[in-house]
Amino acid sequence: MKILQTPAEMRAWRAAHPGSLGLTPTMGYLHDGHLALARRSVAENDVSAASIFVNPAQFGPGEDYERYPRDEERDLALLRDAGIDAVYLPGVEAMYPEGYQTYVTVEGLAQGLEGASRPVHFRGVATVVTKLLNVVRPDRAYFGKKDAQQLRVIRRLVRDLDLPVEIVACETVREADGLAMSSRNAYLTPEQRAAASVLSRALRWAEELYADGVRDAESLRAGVRAVVGSEPLGELDYVSVADSETLAEVEGEVAGEGLLSLAVRFGAVRLIDNVTLGEEKGGDGLSGS
Ligand code: PAF
């Protein structure tokens, strides 16, 4: 497995591997969710690359950039075992050299939900993903559905900027109690970790309400609020029932495909999760998990 640290090295490797290429972009501290993306990439492409870059541009002031968990050696071993051929591992200086001043902003889609709580986040994500796609030149790039808004922002920028890449969305991978895998789960104390299953419990409750015929968005949001409210260690940041494509908040009844998402704080740790209500093909539900 090759390790490439600058845009020039990465481009040269790509030029020497002209077959179909899959890319799994990550910020490292890999878990089974990342590895599911990497393995799918390996299965679907001639060659596969992953990137590891903790992107300072997507962390706001006071967020966890400095303490974001890192374990490069373990990450590289896991990627090698998953069958990845090359890892793009740029330093901050290679990604944002002195004088850097160009950013990619996706407008409407990036504003609500995570964007409302984290104002610079999607500008940072859109910028780094555009740069990664530009340098690596993959045919397919793999992202998890846990970051539902990120996925939509990236699909939008790929369409709007005519980038020649297919964005492949992969199912959320969960722990046995339903908690969506996330590098940030590592921050949780044992008590918070036990309490964190409240996110998936709340989503499952909303799915049950929906299955019972409840379509009123406010009733679904209220159901989630009640479940999260029953967990003293968790503080609900937001719950949203939105149109799955535009992310516009639904007033009245959910029609077609809806995205129910939430963010919950456990002390300084903020976790997100979501479920699709309605028509998504292939299913994205938590039921039975
Ligand atoms: O989902 C992530 O880990 C990051 O937001 C991404 C897509 C790698 C961009 O830094």
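### Examining the pattern of salt bridges
Logical step 1: Under the counting rule described, the total for this entry stands at 16 salt bridges.
Logical step 2: Between Glu 171 and Lys 145 there is a salt bridge; the shortest N-O distance is 2.7 Å. Of this pair, Glu 171 sits in the loop between β6 (166-170) and α8 (190-195) while Lys 145 sits in the loop between β5 (140-144) and α7 (148-160), and the two are 26 residues apart along the sequence.
Logical step 3: The exposure class of Glu 171 is partly exposed, given its relative accessible area of 39%.
Logical step 4: Residue classification places Lys 145 among the buried residues on the basis of a relative accessible area of 11%.

### Some remarks on the sheet that holds strand β4 (residues 86-88)
Logical step 1: Here 6 strands make up an open sheet; going across it, the order is β1-β4-β3-β2-β5-β6 and the pairing parallel. On the outer flanks of this sheet lie β1 (2-4) and β6, each paired with one strand and no other. The mean inter-strand angle of the sheet, taken between neighbouring strand axes irrespective of direction, is 25 degrees.
Logical step 2: With 6 bridges joining them, strand β2 (residues 21-26) and strand β3 (residues 47-52) adopt parallel strand pairing.

### Considering the site of the ligand
Logical step 1: For the ligand, the full set of nearby residues is Pro 25, Thr 26, Met 27, Gln 58, Val 125, Val 128, Phe 143, Asp 147 and Gln 150.
Logical step 2: At a separation of 2.6 Å, an oxygen atom of the ligand approaches a polar side-chain atom of Gln 58.
Logical step 3: In the model, an oxygen atom of the ligand is placed 2.7 Å from a nitrogen or oxygen of the Gln 150 side chain.
Logical step 4: Grouping the constituent residues of the shell around the ligand by class yields 5 nonpolar, 3 polar and 1 charged.

### A closer look at empty space enclosed by the protein
Logical step 1: Inspection of every chain in the model, using the stated rule, returns 1 cavity of 30 Å³ or more.
Logical step 2: Of the voids in this model, the largest cavity is the one considered here, and its volume is about 40 Å³.
Logical step 3: As for the largest cavity, its lining consists of Lys 146, Leu 179, Ala 180, Ser 182, Asn 185, Leu 199, Leu 271, Ile 272 and Asp 273.
Logical step 4: For the lining of the largest cavity, the element with the most residues is strand β9 (residues 269-277), which contributes 3 residues.
Logical step 5: Across the lining of the largest cavity, the residue classes break down as 5 nonpolar, 2 polar and 2 charged.

Thresholds, definitions, all that
- Residues numbered from 1 in each chain as written.
- Predicted model: local features only at pLDDT ≥ 70, side-chain atom pairs only at ≥ 80, totals over all residues.
- Heavy atoms only, no water.
- Salt bridge = Lys/Arg side-chain N within 4 Å of Asp/Glu carboxyl O.
- Helix = DSSP H or I, 4+ residues; strand = E, 2+ residues; numbered from the N terminus.
- Buried < 20%, exposed > 50% of the residue type's maximum accessible area, 1.4 Å probe, protein only.
- Pairing = 2+ DSSP bridges.
- Axes fitted to C-alpha atoms, helices over the stretch in contact; angles between N-to-C directions.
- Near = heavy atom within 4 Å.
- Polar contact = N/O pair within 3.5 Å; in protein donor to acceptor, adjacent residues only side chain to side chain.
- Nonpolar A, V, L, I, M, F, W, Y, C, P; charged D, E, K, R; others polar.
- 1 Å grid on protein atoms, 1.4 Å probe; cavity = no way out; pocket = protein on both sides within 12 Å on 5 of 7 lines; lining within 4 Å.
- Points joined across faces, edges and corners; volume = space filled by probe spheres on them.

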